[in-house]
Amino acid sequence: MPANDYIIAPSILSANFSCLGDEVANVIASGADWIHFDVMDNHYVPNLTIGPLVCEAIRPCTEAPIDVHLMVKPVDRIIPDFVKAGANIITFHPEASEHVDRSLSLIRDAGCQAGLVFNPATPLDYMDYVMDKIDVILLMSVNPGFGGQKFIPGTLAKARAARAKLDAYEKESGRRIRLEIDGGVNTANIAEIARAGVDAFVAGSAVYSAGKAEDAHRYDSIIGALRSELAKA
Ligand code: DX5
Ligand code: ZN
């Protein structure tokens, strides 16, 4: 895949929240593609993060897509709030939704892109009968809830299996679904993950902890380093 077709989506979970607007604008100005926005509810996952108000607050800070990753249960009632707050992509965990097909339709009918998120042990079958309503598949390469965890190596085999399903679907429908990965991505493993068929990469701690060392919270070197690893894939 051409290197410029890869998406780098820094997770603001690891950003400095006291200047979140600047952190969002700077990471995009430094070469990132999407803003990954982790929503945790202290119920579906054991942590509590940010909601639609924060999404609305950062919306004017960038024109880049905001990729909302819902780690909440129930799913449906919060979707309209994120649509109103300016989300572009909304993904959710299928086992957290009572009616997966309906949740996907709610997102797409509101004009956003929709996707399913698979935990490390969640089988991929959830996608089988709803492919036509999916724009992105997000594979968790850590258990959801916290930034800064270690990449689970078994996710590579799962990525290859997901890529095969998405390629088969693209062949028959002509429509491409993105394969995104989330958790423990860094310069040491991103090329290998790309070789397993992934084309969108969430990176939280790898990006934001590197930027803290740089002047004025710029992220050019780390994003450049991730892209040069991708160019080798
Ligand atoms: C984990 C979140 C991730 C997390 C990634 O539940 O979904 O997006 O912030 O952080 P790193 O890249 O530090 O593993
Ligand atoms: Zn995430």
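Residues numbered from 1 in each chain as written. Chains lettered and ligands numbered in written order. Predicted model: local features only at pLDDT ≥ 70, side-chain atom pairs only at ≥ 80, totals over all residues. Heavy atoms only, no water.

A.B. asks: Tell me about the overall build of the protein chain, and please be specific about residues and values.
C.D. replies: Within the protein chain one finds eight helices and eight strands. Along the three orthogonal principal directions, the C-alpha set of the protein chain runs to about 50 × 40 × 30 Å. Here the protein chain holds 233 residues, and 53% of them are scored as buried. Taking all contacts inside the protein chain whose residues are at least 6 apart in sequence as the whole, residues at least 24 apart take part in 63%. Counting only carbon and sulfur atoms, one obtains 52% of the accessible surface of the protein chain, whose full area is about 9,900 Å². In the protein chain, 21 side chains carry a positive charge and 30 a negative one; their mean positions are 4 Å apart. (Helix = DSSP H or I, 4+ residues; strand = E, 2+ residues; numbered from the N terminus. Buried < 20%, exposed > 50% of the residue type's maximum accessible area, 1.4 Å probe, protein only. Contact = heavy atoms within 4.5 Å. Areas by Shrake-Rupley, 256 points an atom, 1.4 Å probe, with all protein chains shown as cover. Lys, Arg positive; Asp, Glu negative; His and termini not counted. Charge placed at Lys NZ, Arg CZ, Asp CG, Glu CD.)

A.B. asks: Which residues make up the environment of Arg77, and what values do they have?
C.D. replies: Along the chain, the position of Arg77 falls in the loop between β3 (66–71) and α3 (79–84). You can call Arg77 exposed: its relative accessible area is 68%. Sequence spacing of Arg77 and Gln149 is 72 residues, and the spatial spacing of their C-alpha atoms is 29 Å.

A.B. asks: Tell me about the coordination of the zinc ion (ligand 2), and name the residues and values.
C.D. replies: The protein atoms that coordinate the zinc ion (ligand 2) are His36 (NE2), Asp38 (OD), His69 (ND1) and Asp182 (OD), at distances spanning 2.0 to 2.3 Å. With six donor atoms in place around the zinc ion (ligand 2) and angles of 69 to 169° between them, the coordination shape is octahedral. If you list the donors of the zinc ion (ligand 2) from N- to C-terminus, the spacing comes out as H-x1-D-x30-H-x112-D. In this pair, His36 is assigned in strand β2 (residues 35–40) and His69 in strand β3, connecting sequence segments 33 residues apart. We note that His36, like His69, is buried. (Donors = N, O, S within 2.8 Å, 3.2 Å for Na, K, Ca; no water. Tetrahedral: all angles 85-135°; square planar, octahedral: opposite > 155°, others 65-115°.)

A.B. asks: Pulling in residues and values, what's your account of the environment of Phe146?
C.D. replies: Take Phe146: it is sitting in the loop between β6 (136–140) and α5 (155–173). Under the relative-accessibility criterion, Phe146 is labelled partly exposed at 43%. Taking the C-alpha atoms as reference, Phe146 lies 16 Å from Asn186; in sequence the two are 40 residues apart. Ignoring anything within four residues of it in the chain, the contact list for Phe146 reads Leu13, Met40, Pro46 and Asn47.

A.B. asks: Provide a residue-level description of the nonpolar core, including the pertinent values.
C.D. replies: By size, the foremost hydrophobic cluster in this structure holds 71 residues, and its most contacted members are Ile12, Phe37, Val68, Leu70, Leu116, Ile137 and Phe201. Sort the elements by how many residues they give to this core and α5 lands first, with five residues. Those residues in contact with Leu116 that sit more than four places away from it in its chain are Phe92, Pro94, Val100, Leu104, Tyr126, Met127, Val130, Ile134, Val136, Ile137 and Leu138. Ranked by size, the runner-up nonpolar core spans seven residues in total, among them Ala9, Ile89, Ala200 and Val202. (Core = buried A, V, L, I, M, F, W, Y, C linked by side-chain atoms within 4.5 Å.)

A.B. asks: How would you explain the pattern of salt bridges if you had to name every residue and give the values?
C.D. replies: Here the structure, examined in full by the defined rule, presents 13 salt bridges. With its nearest N and O atoms 2.8 Å apart, the salt bridge here joins Glu229 to Lys232. Linking Glu229 with Lys232, this pair stays in helix α8 (residues 220–232), spanning three residues, or about one helical turn. One network of salt bridges, in which partners are shared, links Asp5, Arg163, Asp167, Arg176, Arg178 and Asp199. (Salt bridge = Lys/Arg side-chain N within 4 Å of Asp/Glu carboxyl O.)

A.B. asks: How would you sum up the packing of aromatic side chains? Please name residues and give values.
C.D. replies: In total, this model carries three aromatic pairs according to the counting rule given. Judged by centre distance (5.0 Å) and plane angle (70°), the ring pair of Tyr208 and Tyr219 falls under edge-to-face. Taken together, the residues span a long stretch of sequence, with Tyr208 in helix α7 (residues 205–213) and Tyr219 in the loop between α7 and α8 at a distance of eleven residues. (Phe/Tyr/Trp six-rings, centres within 6.5 Å; stacked < 30°, edge-to-face > 60°.)

A.B. asks: With reference to specific residues and values, describe α5.
C.D. replies: Its 19 residues give α5 an end-to-end C-alpha distance of 26 Å, which sits within 8% of 27 Å, the value for a rise of 1.5 Å per residue. Buried within α5 we find Thr155, Leu156, Lys158, Ala159, Ala162, Arg163, Leu166 and Tyr169. Angularly, the buried residues of α5 cover 145° about the axis, an arc narrow enough to put them on a single face. Those residues of α5 that are exposed and angled more than 90 degrees off the buried face are Lys171 and Glu172. Against the buried residues of α5 lie β5 (113–118), β6, β7 (178–182) and α6 (190–195). (Expected span 1.5 Å × (residues − 1). Arc of directions from axis to C-beta.)

A.B. asks: Could you give an account of the site of ligand 1, with specific residues and numbers?
C.D. replies: Ligand 1 sits among 20 residues. The nearest are Asp38, Gly148, Asp182, Gly204 and Ser205. Take His36: an N or O atom from its side chain is 3.4 Å from an oxygen atom of ligand 1. Take Asp38: an N or O atom from its side chain is 2.7 Å from an oxygen atom of ligand 1. Contact with the protein chains hides 100% of the accessible area of ligand 1, taken as 380 Å² for the molecule alone. Where the shell around ligand 1 is concerned, the elements lending two or more residues are β2, β3 and β8 (200–203). At three residues, the largest contribution of residues to the shell around ligand 1 is made by β2. (Near = heavy atom within 4 Å. Polar contact = N/O pair within 3.5 Å; in protein donor to acceptor, adjacent residues only side chain to side chain.)

Keep in mind that these numbers describe shape and distance, not what the molecule does.
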